[in-house]
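# What the coordinates show
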Number of protein chains: 2
Amino acid sequence: MDAEATTTTSEAWADVTPEAARRLVVAAVEAFAERGYHATTTRDIAGRAGMSPAALYIHYKTKEELLYQISRVGHLRSLALLEAARDAGGTPAERLAAAVRSFVRWHAEHHTTGRVVQYELGALAADHYTEIVALRRRSEAVIREVISAGVDSGDFDVPDVSGTTLAVLSLCIDVARWFNPGGRRTPDEIGGLYADLVLRMVGQEGRRDR
Amino acid sequence: MDAEATTTTSEAWADVTPEAARRLVVAAVEAFAERGYHATTTRDIAGRAGMSPAALYIHYKTKEELLYQISRVGHLRSLALLEAARDAGGTPAERLAAAVRSFVRWHAEHHTTGRVVQYELGALAADHYTEIVALRRRSEAVIREVISAGVDSGDFDVPDVSGTTLAVLSLCIDVARWFNPGGRRTPDEIGGLYADLVLRMVGQEGRRDR
């Protein structure tokens, strides 16, 4: 268990009720992150949550339902951050920088959840997979909209909007893979660095005259 | 099994001999990618390779030795590509673009191996983990060197060299997570797109006068 589990877990899963269901989600994230989805049993998860397998079954009929709940809440949360940045006032550059900063911070602070959500996507049932992919497309659409707004206004210079959108999302999401809470950069610092780099990618910054 | 397994596997593992050991490595990559390291047994791997568990044992004493072999060969291969780009002639921009192009292509073409290598790092034994982390530091050092050369020559404008190095590597590595051989971009096209984006990140491109 690392810093995420002890400091940000209850806040991250506040939407999951009742409290017993929330405890099971937290336990499942830890177990999936440590051993992988397929090597984890519902018995392992119930044990970590201090509950019996029968008590788990009241809230989640299968291990896959837990994975789906984790993926859904995680994707909804990070999508809401992107939408808030898109809908805030300001120039396209300000909105893109805000979107990147908050999306990166989320993936750093919730890196254990982020890893589970990204790595175990293939273990979702077909209907759940379809739903999660739709949420991912909405996140992609938000970034694409903000980049397109900057292109339309003449603020950005982007030859390949969909490719650049893909790269921006990928850069932010991969923070969950490598982020180390004991490392030298805080989630905020990485967010600031990445916002600057993304503004350069869209041709907004780094064009100082010499 | 996707396109990687059928088209590029034998080439990727050509350094692994004898042929039986190579078959086991290929089988282990597939099994780890499908079910995760912890949910895979040496019996599963031997079965996929059409061998008995006893025959597997001749080549690899443990499942961890297979993971270590996969990680070591994968890291050595991608490091060699980066070093070749660094050591080729040309301007810092040409060398950085070449490094990004070949590193991205590797992660797209070998995305299954890339995922296993990235996701299961924590399952390596302590001494093997230390060795792999040292190879990763060497890859990072190559990118940092090329970026620093561009800063020194005045070609690049990079306020945070180590942060930018981290972002460039992360962007390239994450291609292994999302690359889909049936998708609309080829490994080459992604390599070209990413080389352009990285040149913008270092302040080399996207500064057209208006």
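The rules we used
Residues numbered from 1 in each chain as written. Chains lettered and ligands numbered in written order. Predicted model: local features only at pLDDT ≥ 70, side-chain atom pairs only at ≥ 80, totals over all residues. Heavy atoms only, no water. Domains from an automatic or database assignment. Contact = heavy atoms within 4.5 Å. Buried area = accessible area lost by both parts, 1.4 Å probe. Salt bridge = Lys/Arg side-chain N within 4 Å of Asp/Glu carboxyl O. Polar contact = N/O pair within 3.5 Å; in protein donor to acceptor, adjacent residues only side chain to side chain. Helix = DSSP H or I, 4+ residues; strand = E, 2+ residues; numbered from the N terminus. Buried < 20%, exposed > 50% of the residue type's maximum accessible area, 1.4 Å probe, protein only. Lys, Arg positive; Asp, Glu negative; His and termini not counted. Core = buried A, V, L, I, M, F, W, Y, C linked by side-chain atoms within 4.5 Å. Expected span 1.5 Å × (residues − 1). Axes fitted to C-alpha atoms, helices over the stretch in contact; angles between N-to-C directions. Parallel < 35°, antiparallel > 145°, perpendicular 65-115°, else oblique. Left-handed = near helix turned anticlockwise from the far one by under 90°. Nonpolar A, V, L, I, M, F, W, Y, C, P; charged D, E, K, R; others polar. UniProt positions renumbered as here; feature names shortened; annotations may be inferred. Least-squares fit on C-alpha atoms with pLDDT ≥ 70 in both.

Where an unreviewed UniProt entry is consulted, chain A appears under the name Transcriptional regulator, TetR family, with the organism given as Streptantibioticus cattleyicolor.

Residue and element names in this part refer to chain A. As assigned here, chain A comprises domain 1 (3-59) and domain 2 (70-201). Between domain 1 and domain 2, the residue contacts involve 17 residues of the former and 12 residues of the latter. The contact between domain 1 and domain 2 buries some 1,300 Å² in all, and 66% of this surface belongs to carbon and sulfur atoms. Remark: the boundary between domain 1 and domain 2 carries one salt bridge. Counting across the interface, domain 1 meets domain 2 through one residue pair in polar contact (both at pLDDT 80 or more).

Glancing now at the side chain of Glu 64 of chain A. All names here are of chain A. Relative to the elements of secondary structure, Glu 64 occurs in helix 6 (residues 63-87). Look at Glu 64: it is buried, it has no salt bridge, and the nearest opposite charge is Lys 63 at 11 Å. Apart from residues lying up to four places away in sequence, Glu 64 is in contact with Tyr 37, Ala 123, Leu 124, Ala 125 and His 128.

Now for the interface of chain A and chain B. If you look at the interface, chain A gives 37 residues, while chain B gives 37 residues. Here chain A packs against chain B, burying approximately 3,300 Å² in sum over the two surfaces, 48% of which is carbon and sulfur. A salt bridge links Arg 185 of chain B to Asp 160 of chain A, with the shortest nitrogen-to-oxygen separation between them at 2.8 Å. Scanning the region where chain A abuts chain B turns up 16 residue pairs in polar contact (both at pLDDT 80 or more).

Of all hydrophobic cores here, the largest spans 134 residues; its most connected members are Tyr 194 of chain A together with Tyr 194 of chain B. What Tyr 194 of chain B contacts, discounting residues up to four positions off in sequence, is Ala 167 and Ser 170 of chain A together with Val 100, Val 104, Leu 171, Val 175 and Trp 178 of chain B.

Residues and elements named next belong to chain B. Tallied over the full model, the rule gives 24 salt bridges over all chains. Salt-bridge contacts for Glu 34 lead to Arg 48; the nearest nitrogen and oxygen are separated by 2.9 Å. Of this pair, Glu 34 sits in helix 3 (residues 19-35) while Arg 48 sits in helix 4 (residues 42-48); the two residues are 14 residues apart in sequence, bridging distant segments of the chain. With relative accessibility at 45%, the residue Glu 34 sits in the partly exposed group.

With 27 residues, helix 9 (residues 126-152) of chain B should reach 39 Å at 1.5 Å per residue; the first-to-last C-alpha distance of 38 Å fits that figure. Along helix 9 of chain B, the positions that sit buried rather than exposed are His 128, Ile 132, Val 133, Leu 135, Arg 136, Ser 139, Val 142, Ile 143, Val 146, Ile 147 and Gly 150 of chain B. Buried residues along helix 9 of chain B sit in contact with helix 11 (175-178) of chain A together with helix 6 (63-87), helix 7 (92-109), helix 8 (111-119) and helix 10 (161-173) of chain B. At the exit of helix 9 of chain B stands Gly 154 of chain B, carrying a positive phi of roughly 85 degrees.

All names here are of chain B. Packing of helix 6 against helix 7 leaves a shortest axis separation of 8 Å and a crossing angle of 160 degrees. Here helix 7 runs roughly antiparallel to helix 6, going by the angle between their axes. Crossing of helix 6 against helix 7: the hand is right-handed. Every residue of helix 7 that contacts helix 6 at Gly 74, Arg 77, Ser 78, Leu 81, Leu 82, Ala 85 and Arg 86 is listed here: Arg 95, Ala 98, Ala 99, Ser 102, Phe 103, Trp 106 and His 107. Looking at the contact of helix 6 with helix 7 residue by residue, the classes come out as seven nonpolar, four polar and three charged.

Sites flagged by UniProt as "domain: HTH tetR-type" (unreviewed entry) map to residues 18-78 of chain A. Secondary structure over residues 18-78 of chain A splits into 77% helix and 0% strand, and the C-alpha atoms at its two ends are 22 Å apart.

Rotating chain A by 180 degrees and translating it 0.0 Å along the rotation axis places it on chain B, where the RMSD comes to 0.0 Å. Expressed as an axis order, the relation between the two copies is that of a two-fold axis. Mapped onto chain B, 100% of the interface residues of chain A again fall at the interface, so both copies present the same surface.

To continue, consider the packing of helix 7 (residues 92-109) of chain A against helix 9 (residues 126-152) of chain A. Residue and element names in this part refer to chain A. Between helix 7 and helix 9, the shortest axis-to-axis distance is 9 Å and the interhelical angle comes to 155 degrees. Put simply, helix 7 runs roughly antiparallel to helix 9. The interaxial crossing formed by helix 7 with helix 9 has left-handed handedness. Packed against helix 7, whose contacting residues are Pro 92, Arg 95, Leu 96 and Ala 99, the element helix 9 presents Ile 143, Val 146, Ile 147, Ala 149 and Gly 150 at the interface.

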